[in-house]
Each structure stands twice: as C-alpha cells, then as structure tokens.
Amino acid sequence: MRMSYKLHVAWAGVLLAGGIHQAAQAQSKAPVPQLSATNIKQVVAAMTLEEKSKLVVGMGFKMPGVPPPSKDKKNEPIDIGGFKLPPSDPDAYNIPEKVPGAAGRTHAIARLGIPSITMSDGPAGLRIEPIRNGDKSKTYYATAFPVATLLASTWDTQLVNKVGVAFGNEVREYGVDILLAPGMNIHRNPLGGRNFEYYSEDPLVAGSMTAAIVNGIESNGVDTSIKHYAANNQETNRNSINTIVSERAMRELYLRGFEIAVKKAQPWTVMSSYNKLNGTFTSERRDLLTTILKKEWGFKGFVMTDWFGGKDAVAQMKAGNDLLMPGNPTQSEAIVAAVKDGTLSAQQLDTNVERILNVIVQSPTFKKYKYSDAPDLAGHAVVAREAAAQGMVLLKNDDHALPFGAGKRIAVFGNTSYDIIAGGTGSGDVNKAYTISLMQGLANASFKLQETLSNNYKAYLVDMKAKQPKPKNFFDHPAPIPEMDVNAIVAEEANGADEALITIGRNAGEGADRKLESDYYLNDAEKGLINSVANAFHAKGKKVIVVLNIGGVIDVTAWRDKVDGILLAWQPGLEAGNAIADVLSGKVNPSGKLATTFPADYKDVPSANNFPGTPEGKPTQVIYEEGIYVGYRYYDAAKVTPAYEFGYGLSYTNFKFSDLKLSSKVFKNVITATVTVKNIGDVAGKEVVQLYLAAPKKDLDKPEDELKAFGKTKLLAPGQSQTLTFTIKASDLASFYTDREAWIADEGSYKVKIGSSSRKIEETASFSLAKDITVEKVNKALVPQQTINELKLK
Ligand code: BGC
C-alpha cells in the first residue's frame, strides 16, 4: 500500500516536471521577462527547473588561502588546517567577487535579469577584505562597533538604532546587500562561545535590540539576516548537536526574541541554525520555518541556512529553507532530481524562488546602486565610541573610587590594557583600521601614566607574541598570553602612582565554547596580579580599579572584594580605549545595566549540568532541562543570589523613583503605567527603568516575574525628573500553555514592579484580570520526542 502510494507520487511528479519543462519551452518563444518588482510571478514561470535550482543554492564560498575544488574532486571535502568543509561551488572561484571577503553570493541568471546579491558578516561590523589584490592605495576597513552584549547593556533602543543607521551605511557603501547579523540567540549558559555576538538572557531585550538595529540598518536600503534560528546556544558540536527543548521554552524564550524582531522590523532574511532541534535539523523543520515563522508571525522574507548547515537539500526546500548557503552544485542536482521524481513539489520550489526574488528586487544591487567604497568611517567611529561608553556597566564603586580625578597618575596593569580586545573572533570579527588601546585612551584623556611600567608591558607582549603559534585555521586562535609577574615592581608603582588600574581580558568566538579553567574562572597569574596590586596600593591608601574587557560572563566572586571598583567594559569596538576613558574620567556617567546575570558561581547556573551535553567530551545531545528557567527567571524562582543580577548597574549619581500610576486597577485591553525618575545626586546621569510583571500562578508554574518593558531616561541634570510611560498589553500577561497550544492570560491579580534592576524594585502596583484571555491560539509544533516528555521539561 505504502509502496504504491510512493510510486503514484513519483509518477505524478514526473508528469508535473515534464509539464513544467514544456511550459518553460513554450515560454521561451515568448519574449523573456526581465525581473522587476512587479513581474516576479511571471519571471518564476519563465524559469527552467535548472535555473530555479541554482537560485535556491548559493554560489559557493571562497575561503582565503584555500584553492578551488578540482573538477574531478568536486564532491570531496576541503581541508582547512585539519578542519573539513564540504566542497565549494567552482563558480565562487571563477566568477569575480563583487566584494572580496564577503561570505556568500547568490547565482545571477542573466537571461532573466536576475543579478547575484552579496551577503557579508557580521554582528559587530562589516567583515570584508580590507586590502585587495595587494593594492595598498585604497583600503576597505569597516567600523568595529561594540559587541552585541555591550549594545544590549545600554538598554537604549534609540542608540542601538543609531548604531544600525551607521552600520547599514557601511553595508551599502561597500556594495553588500545583506548583512549576516545580528545574532540574537539567548545567553543560556555563560560558557557559550558566541555569547558576545548575542544580546541577552532575556528575549524581550534580545528582540527589542535586534529590531532596533535592524530598523537602523534597513533605513539604508540594505538589510539583514537575523540569526541563528533557533535554539543555537552553544558551539560544541554545533553542526549536529541535538538540542532538546520543551515547546513552552521554545515559545517563551528561544523563539520570542525572533518573533519580536520579525514583527517589529521585518528583516529581509532569517538564518536557520546548525543544530538539530528535538531530533531534526532546524533547516529541515517545516513547523519552525514555515508554520511558525512565515505563517504565524507573517515573515515576508526568505530563510537561508547557516554556512553548510543541515544535510538534506530536498528536506530543506520542503521545510521552507528557501536558500542553501554557501551552496554547492550537488544540492542543485538533488533538487532537480527531487522535482523530477516528485519527492519535491514544483510548487514548493516556486514558493522558495519567489521569496528570494522578492528580496532581490529590493536590493541595492538590483537597483544598480553606485556604491562609493568610502563610507563615513570617521563619523561612525564617533557613534561607536558613544554606544560603547553608554553600554559599560559599573559593577562596583566603593567609596567613590571612580571617576578618577582629573590629571591623576595611574599605574596600568594587565596585558589587555595594552592589547585591548575590540570584539570576538570568527565571523563576528571585523577588519578595522585601528583599535584605541586603553593606554592611548587614558593618555588622550590627559591622565598621567607610569612610563616604566608601560614599557615593561609593551616589551613583554612583543616578546610573548613572537612565541605564540600561528592559528591553524579560521576558527583557531592562540591561547592568551599569561599575565606578567609584577611582584618585583609593584611596590615602586604604588609609591609613584595615585591609583592602580588592572584590565582582565577574555576572547572567544565561533567554533568553540569557553572553558571553566582559566576562562570563566581567573587563572592563578590573574588572581596573583590582582592580589599583588591590591596589597601594594592599599598599603599606601590608594585605590585599585579593575576593567573587564570581556565578551561573556566570568567569575567575579573570588576576587571582587579585593578591589575598590569594577568597570565592565565588555568588548567595546575600535574606539575601546577612548570609550573606557570617557567612563573612568567621568566625562560619561555610566548608565549600562546587565542584560545577562553574573552568577555567584558557575555551579549556580541552571544549565550547568546540561552544557554542552552528553556524552561528555563529544556531546551529541543537549537537554534544556531547566526549561523556561534561564537567567533571572531561574535565580529569582530558586532564590539563588547572583553576584550581580540581571538589570544591575551603578551610576556616579543616584535616582529616586516615585508616583507609579496605573491607568486602571482592572485590565481590559491595555494598561499604561507611568513612573517618575528624579536625579537626586550631584552629577548628570541616565537611568534605566525596568518593568517586571508577576503573573498569578493558576494551573501553571511561572517565573516570579518577567521583564515586560523597559526604557531609559534622557540625561537628567541633578534635581531633574522625567516621567516614563509603559504599555502593558494582553500578550504581556500571557504564558504558553503547551496542552492548549495557546498563549493564555490567567485571571487573577498581577503585580507591576518597577525596578532599577531585577532585584532592586523601587515601586509596585497591582491590577486584576477578571477572566482568562486566550490571547493567541497557535499550531502544534516542535514537539520533543516522547522520551523527552518523560523528563518533564518545564
Ligand atoms: C556562522 C554564521 C556566519 C556564516 C558566514 C557561519 O560559520 O555560524 O554566523 O554568518 O558562517 O560566515
């Protein structure tokens, strides 16, 4: 019975494919349509099956230093320093690149006026070749903006939008159509190797930041690929790890940010992720790509795979993964064969093609935009510096240790003070013209520096760098240089300088997760450095500040009591040193707040026992046993005190919150909340206002409270106030009920908590909901295998 059904389908497919071919032949006698914004369907009808199969598969990937695949070995993987990649399309090598260093292109189909469009990384700046064909007369550097984790810490969507406007200008002026960014996966675990590319542990922050930057980029007529969709929260075995997650955690956490971004910014493309989700590659899941993304959320663009993601081109087409990147001819061949034998419907392929063409007609390449190769880099550096300073988080400031007084003499310790890290590695890296070191930034801000100490560090770094092994491949980066032993010189420094500054640095990037030893935890040399400097300076009554130049969360518990101040500078982009000096000097009053928790210890992390999965060493599966209890949702529910909670951050001034008012005590369609913030300190500053909601727990276990809105004041002068207004909608009241496949707001009493952090609640008020509201009924989707249900995922 089954066999005959299959045969029937196959035979119907042959008929259908034949039909298409005849139609194409018939069409070929008519004038060939040339693609325009108004004739897309006509162009699809005029395309041959082969042309369609080329359009849905990218042009391949030209990796610097890797030779093109030879004709007879076109199916053999390419070895890049011991790392195997599937073979590229020879076209990637034969057809000159429009933008060298861009990560991918689509095929042009000249007959129909379809141009090739260009895509390039990445989240913190455009990643293209800065110097081409050895020609040094012209350079193509891009701005390294602060990493996403820092941008999220600004809690300022207007500022992030401004970064997007500048960023998009570089995308357009360097001739790129689609930026492969932003990354917006949830910070599930502090060790995630790409956390710096992502915004937050909270989907509202991640989704709002993404929408803000995408809207800014889009204002330039270019667009983005928001990534990596979905539940791609680790790098270990990233190409095939099976991520097992409950439907509720998917809906409330891992999809939610994407949903916000799609609805608020309608990016042209979404990039599916590498991992499997509940047993199937995300790029092969129709429920994820078509049912949820396109049908439920109304996403109008196309879906592309991550580079070499997934396995089965035909399954990907069926799922609605419209474009396969970077692309290989064998994928096109498989698609042609599948349409011919009926295993892939011609209609599905047409739908995918149409979605791609819909985007192509909007692209600058299609519109023949004459790009300048000369974006306003100087102007964008100013934006990068402003954003960087606004996203730094003051974690500790005992006894007004910061800001440093004007003209103070500072002893600067720590390798990364001299070799600052602007951003992470891999496709998140940017080829920037320069990075301002912290030393340079401090000097620019007219601080006096201890010269002998600086010279010692510089000489040490030159020497150690010469001994570092060369990276084996794109994903490999050398082990960090151990901290210099300062024991012999530290007493003298404490005599000569007014204050000490120590930078602790961390770097990471795609291809690997971070480790606990010497990465999450400080190593002995770093702890030794903090101890020696703190002892020597404190003995003289002088203060010690630590700057954290990191992309992801590290341990602070073991050492924070030894120092007077801690500034979390994240990885601040190419203006790093200037931006850090802006905050240290008080030119900018810090207003950043954590968008990700710093736990008291790694063992407190809710996913600590389920990261990066099992079996140990080479995990094939990772179970998200913590369900929706990620980040503050867990720490608050489990009453575990973190080192620095979600939403936390100090200022050089103080604020007073007052007059929280709700528009009604009873919820109808919407409630507005207003609250006043007053600067009651001595210097001007900005405050982030966070609205958390505690929902009644009726039939469902729910977090203590969840962030539902946030805002940031303008720069308030001492004594100045501002009233902020927030809107609470029915969807903000709802939780996802898996059994009912619906978002439901439960009747009962809701508490609004206005916080200056998730644990510092300044004002509260309540309202009630008289009757349950089914806010949205959705499709059954993403169901984990039964065995997993038995684990009772939350
Ligand atoms: C990364 C993507 C990136 C792509 C193209 C992949 O390895 O996961 O984030 O956009 O490469 O460079």
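The structure presented is a predicted model; accordingly, all values stated were derived computationally and were not measured. The residue numbering used here restarts from 1 in each chain and proceeds along that chain's sequence as written. Given that the model is predicted, a residue must reach a pLDDT of at least 70 before its local features are reported, and side-chain atom pairs must reach 80 or more before they are shown or counted; all residues, however, enter totals for whole chains, interfaces and linings. Water and hydrogen atoms were dropped before computing side-chain values, which therefore reflect all heavy atoms in the structure.

**Student:** Just checking my understanding: could you explain the packing of aromatic side chains for this structure?
**Tutor:** Here the distance between the centres and the angle between the planes together describe a pair of aromatic rings. Two rings from Phe, Tyr or Trp (for Trp, the six-membered ring) form a pair when their centres sit within 6.5 Å of each other. Planes less than 30 degrees apart are called stacked, planes more than 60 degrees apart edge-to-face, and all others tilted. This structure, assessed with the given rule, holds 21 aromatic pairs. Summarising the aromatic geometry, the rings of Tyr750 and Phe767 are spaced 5.4 Å apart at their centres and angled 5° between planes, so their arrangement reads as stacked. Highlighted residues: Tyr750 in strand E26 (residues 748-755) and Phe767 in strand E27 (residues 761-769), separated in sequence by 17 residues. Here the term buried applies to any residue with accessible area under 20% of the maximum for its type, exposed to any over 50%, and partly exposed to those in between, with areas from a 1.4 Å probe on protein chains only. Tyr750 sits in the buried class, given a relative accessible area of 0%. Judged by its relative accessible area of 2%, Phe767 is buried. Here the aromatic residues Trp155, Tyr632, Phe646, Tyr692 and Phe710 are joined through ring pairs into a cluster of three or more. In this scheme, the term charge over a ring applies when either NZ of a lysine or CZ of an arginine sits within 6 Å of the ring centre and within 35 degrees of the ring normal. The ring of Tyr737 has Arg740 lying over it, and the distance from NZ or CZ to the ring centre is 4.3 Å. Here a helix means four or more residues in a row that DSSP labels H or I, a strand means two or more in a row labelled E, and each is numbered from the N terminus.

**Student:** What exactly am I supposed to notice about the sheet that holds strand E14 (residues 448-449) here?
**Tutor:** Spatially, 6 strands are ordered E12-E17-E16-E15-E13-E14 in an open sheet, and the strand pairing comes out mixed. Across the chains shown, the open sheet's two edge strands, defined by having one partner strand only, are strand E12 (393-397) and E14. Pairing between strands is defined by DSSP: at least two bridges between the two strands are required. Sheet topology note: the strand E13 (residues 409-413)/strand E15 (residues 499-505) ladder contains 4 bridges and is parallel. What sits directly across from Ala411, in E15, is Ala500. What makes two residues a contact is simply this: any of their non-hydrogen atoms within 4.5 Å. Here the axes come from fitting lines to C-alpha atoms, over the contacting stretch only for helices, and the angles between their N-to-C directions go from 0 to 180 degrees. In the packing of helix H17 (residues 451-467) onto the sheet, contacts are made with E13 and E14, and the angle to E13 comes to roughly 20°.

**Student:** Is there a simple way to explain helix H14 (residues 377-391) in this structure?
**Tutor:** Since the α-helix advances by 3.6 residues per turn, residues separated by three or four positions end up pointing in the same direction. In this analysis, the expected span of each helix is defined as 1.5 Å times one less than the number of residues it contains. Under the 1.5 Å per step criterion, the end-to-end length of H14 is 21 Å for 15 residues, consistent within 8% with the ideal 21 Å. Taken together, the buried positions of H14 are occupied by His380, Ala381, Val383, Ala384, Ala387, Ala388, Ala389, Gln390 and Gly391. Those residues of H14 that are buried lie in contact with helix H5 (148-153), helix H6 (157-173), E12, helix H21 (576-585) and strand E22 (706-712).

**Student:** How do you make sense of the pattern of salt bridges when you look at a structure like this?
**Tutor:** A side chain with one charge can pair with a side chain of the opposite charge if their charged atoms come near. When a carboxyl oxygen of Asp or Glu lies within 4 Å of a side-chain nitrogen of Lys or Arg, that pair is called a salt bridge. Taken as a whole and assessed by the stated rule, the structure comprises 47 salt bridges. As a salt-bridge pair, Lys698 and Glu747 come within 3.8 Å of each other at their nearest N and O atoms. A residue pair is termed long-range when its members are at least 10 positions apart, and Lys698 in the loop between strand E21 (688-694) and E22 and Glu747 in the loop between strand E25 (742-745) and E26 qualify at 49 residues. The class of Lys698 is partly exposed, set by a relative accessible area of 38%. What emerges from the salt-bridge pattern is a single network uniting Arg194, Glu197, Glu235, Arg238 and Glu510.

**Student:** Looking at this model, I keep getting lost on the UniProt feature "domain: Fibronectin type III-like" (unreviewed entry) in the protein chain. Mind explaining?
**Tutor:** Residues annotated in UniProt with the feature "domain: Fibronectin type III-like" (unreviewed entry) correspond here to residues 687-758. Helix makes up 6% of residues 687-758 and strand makes up 53%, while its end C-alpha atoms are separated by 14 Å. UniProt positions are given in the numbering used here, feature names are shortened, and annotations may be inferred rather than shown by experiment.

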